[in-house]
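Residues per chain, in single letters:
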Amino acid sequence: MSYSPGTFTVGDKSVRRLGFGAMSLTGPGVWGPPRDHDEAVRVLRRAVELGVDLIDTADSYGPYVNEELIREALHPYPEGLLIATKAGFVRPRPGQWEPVGRPAYLRQEVEMSLRRLGLDRIDLLQLHRVDPAVPLEDQVGELKALRDEGKIGSVGLSEVGVEELERARRVVEIVTVQNRYNLTLRVSEGVLEHCEKEGIGFIPYSPIAKGRLAEPGGPVDHVAQAVGATPAQVSLAWLLARSPVTMPIPGTSTVAHLEENLAASTVSLTAEQVRELG
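Keep in mind that what you see is a predicted model, and the values were worked out from it rather than measured.

Enquirer: Tell me what's going on with the overall build of the protein, and back it up with residues and numbers.
Expert: Broken down by element type, the protein carries 10 helices and 11 strands. Computed over its C-alpha atoms, the radius of gyration of the protein comes to 18 Å, within 12% of the 19 Å expected for a compact globule of 278 residues. Taken over the C-alpha atoms alone, the protein extends approximately 55 × 40 × 35 Å along its principal axes. Across the 278 residues of the protein, 54% fall into the buried class.

Enquirer: Can you break down the nonpolar core residue by residue, with the values?
Expert: For soluble globular proteins, the rule of thumb is that nonpolar side chains tend to be buried together. One finds Val10, Leu127, Leu157, Leu165 and Leu277 to be the most contacted residues of the largest nonpolar core, which totals 53 residues. Discounting chain neighbours no more than four positions away, the residues touching Leu165 are Leu157, Val160, Ile174, Val177, His194, Cys195 and Ile200. Counting 25 residues, the second-largest nonpolar core is a separate cluster that includes Leu18, Phe20, Leu69 and Leu81.

Enquirer: Which residues make up the pairing of strand β2 (residues 13-16), and what values go with them?
Expert: On any regular strand, side chains alternate: one points to one face of the sheet, the next to the other face. The pairing of strand β1 (residues 7-10) with β2 spans four bridges and is classified as antiparallel. By the bridge assignment, Thr9 is partnered in β2 with Ser14. If you look at the hairpin formed by β1 and β2, you'll find two residues sitting between the two strands, and Gly11 has a positive phi there, around 65 degrees.

Enquirer: Residue-level account of the side chain of Ser113, with values.
Expert: Turning to its location among the elements, Ser113 is positioned in helix α3 (residues 103-117). Judged by its relative accessible area of 1%, Ser113 is buried. Excluding residues that lie within four positions of it along the chain, Ser113 makes contacts with Asp59, Glu67, Thr85 and Ile122.

Enquirer: Any details on the packing of aromatic side chains? Residues and values, ideally.
Expert: To describe a pair of aromatic rings, one takes the distance between the centres and the angle between the planes. Inspection of the entire model under this criterion finds four aromatic pairs. Residues Tyr61 and Trp97 carry aromatic rings whose centres are separated by 6.5 Å and whose planes lie at 80 degrees to one another, so their mutual orientation is edge-to-face. Note that Tyr61 is positioned in the loop between β4 (54-56) and α2 (65-74) and Trp97 in the loop between β6 (89-90) and β7 (98-99), a separation of 36 residues in sequence. For Trp97, a relative accessible area of 29% puts it in the partly exposed group. Among the aromatic side chains, those forming a connected cluster through ring pairs are Tyr61, Phe89 and Trp97. Against the face of Trp97 rests Arg91, its NZ or CZ located 4.1 Å from the ring centre.

Enquirer: Give me the lowdown on α2, citing residues and values where you can.
Expert: With respect to burial, α2 is a largely interior element, seven of its 10 residues being buried. Every buried residue of α2 is accounted for by Val65, Asn66, Glu67, Leu69, Ile70, Ala73 and Leu74. The elements touched by buried residues of α2 are α1 (37-49), β4, β5 (82-87) and α3.

Enquirer: Give a description of the pairing of strand β10 (residues 174-180) that names residues and reports values.
Expert: Burial runs high along β10: six of the seven residues are buried. Here strand β9 (residues 152-158) pairs with β10 via four bridges, running parallel. Pairing of Gly156 across the sheet is with Thr176, part of β10. Viewed along the sheet, the connection from β9 through helix α5 (residues 162-169) into β10 turns out right-handed. Sheet analysis places β10 next to strand β11 (residues 201-205), joined by five bridges and oriented parallel. The partner of Thr176 across the bridge, within β11, is Gly201. Crossover connection from β10 via helix α6 (residues 189-198) to parallel β11: handedness right-handed.

Enquirer: Give me unusual backbone geometry: which residues, what numbers.
Expert: Cis rather than trans, the peptide bond between Gly62 and Pro63 has omega equal to -15 degrees. Looking at the secondary structure, you find Pro63 in the loop between β4 and α2. Put simply, His75 and Pro76 share a cis peptide bond, and its omega is 0 degrees. Note on placement: Pro76 falls in the loop between α2 and β5. Residue Tyr64 is not a glycine yet carries a positive backbone phi of 75 degrees. Here Tyr64 shows up in the loop between β4 and α2. Judged by relative accessible area, Tyr64 falls into the partly exposed class, the value being 34%.

Here is what the cut-offs are and how they apply
Residues numbered from 1 in each chain as written. Predicted model: local features only at pLDDT ≥ 70, side-chain atom pairs only at ≥ 80, totals over all residues. Heavy atoms only, no water. Helix = DSSP H or I, 4+ residues; strand = E, 2+ residues; numbered from the N terminus. Rg over C-alpha atoms; globule rule 2.2 N^0.38 Å. Buried < 20%, exposed > 50% of the residue type's maximum accessible area, 1.4 Å probe, protein only. Core = buried A, V, L, I, M, F, W, Y, C linked by side-chain atoms within 4.5 Å. Contact = heavy atoms within 4.5 Å. Pairing = 2+ DSSP bridges. Phe/Tyr/Trp six-rings, centres within 6.5 Å; stacked < 30°, edge-to-face > 60°. Lys NZ or Arg CZ within 6 Å of the ring centre and 35° of its normal. Right-handed = clockwise from strand over helix to strand, strands pointing away.

Written as structure tokens, this is what we have:
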């Protein structure tokens, strides 16, 4: 069985709008190898079997472990698979994240990601965080140079506002924005609306709703019971219905949970149910 949630074009590739976020395939705290290496490999391979053709990762997941695992599980990569990775957010120790946007560092990390993933070109390289100590134009300018050299296919951003997005677009074409966004956390609503207006892909990470809306007896639970789905599936189906530019990337470390998440693309919500969810 495969799932088809509709597609969105990223650079020169058309991908299904329900992807896979590989961050969960690392150790606790996004540090070190996964607890169950073999299951992690099975998750990646099963995702591709089920039709996933957008896999999101980053050099800092592990660090480096995530990209190496993707290569081990999937290389040589099937035609059409888009691996999106990120640079610019380092992990000096478990639980600590620091932005580093110096152009020389970004170039180094892109070169290393190419090697770890076994690629000649990274289809989508996302600036993981904007480094406030370095002019944004210098950060995305280096990614533009790497794109022009053929080492990057397209450039994306992560955790930015509209103003930063537009500043970056004056330097290089931005094809995606990846911000935290779900039913119960909508601080990036304005960014999503701007992306839809401009035809930019919006990749919501942490896409599963938590909190009041998702509580037993709440709106998510009510809709889930009405459509015969899980609350997680309803959360993902809402994101797919929310805008034609959304590309949720739910992550998991088990095959069973992966299959449950991907089945969200078969969940149909009525306009009334979408309104009920807000």
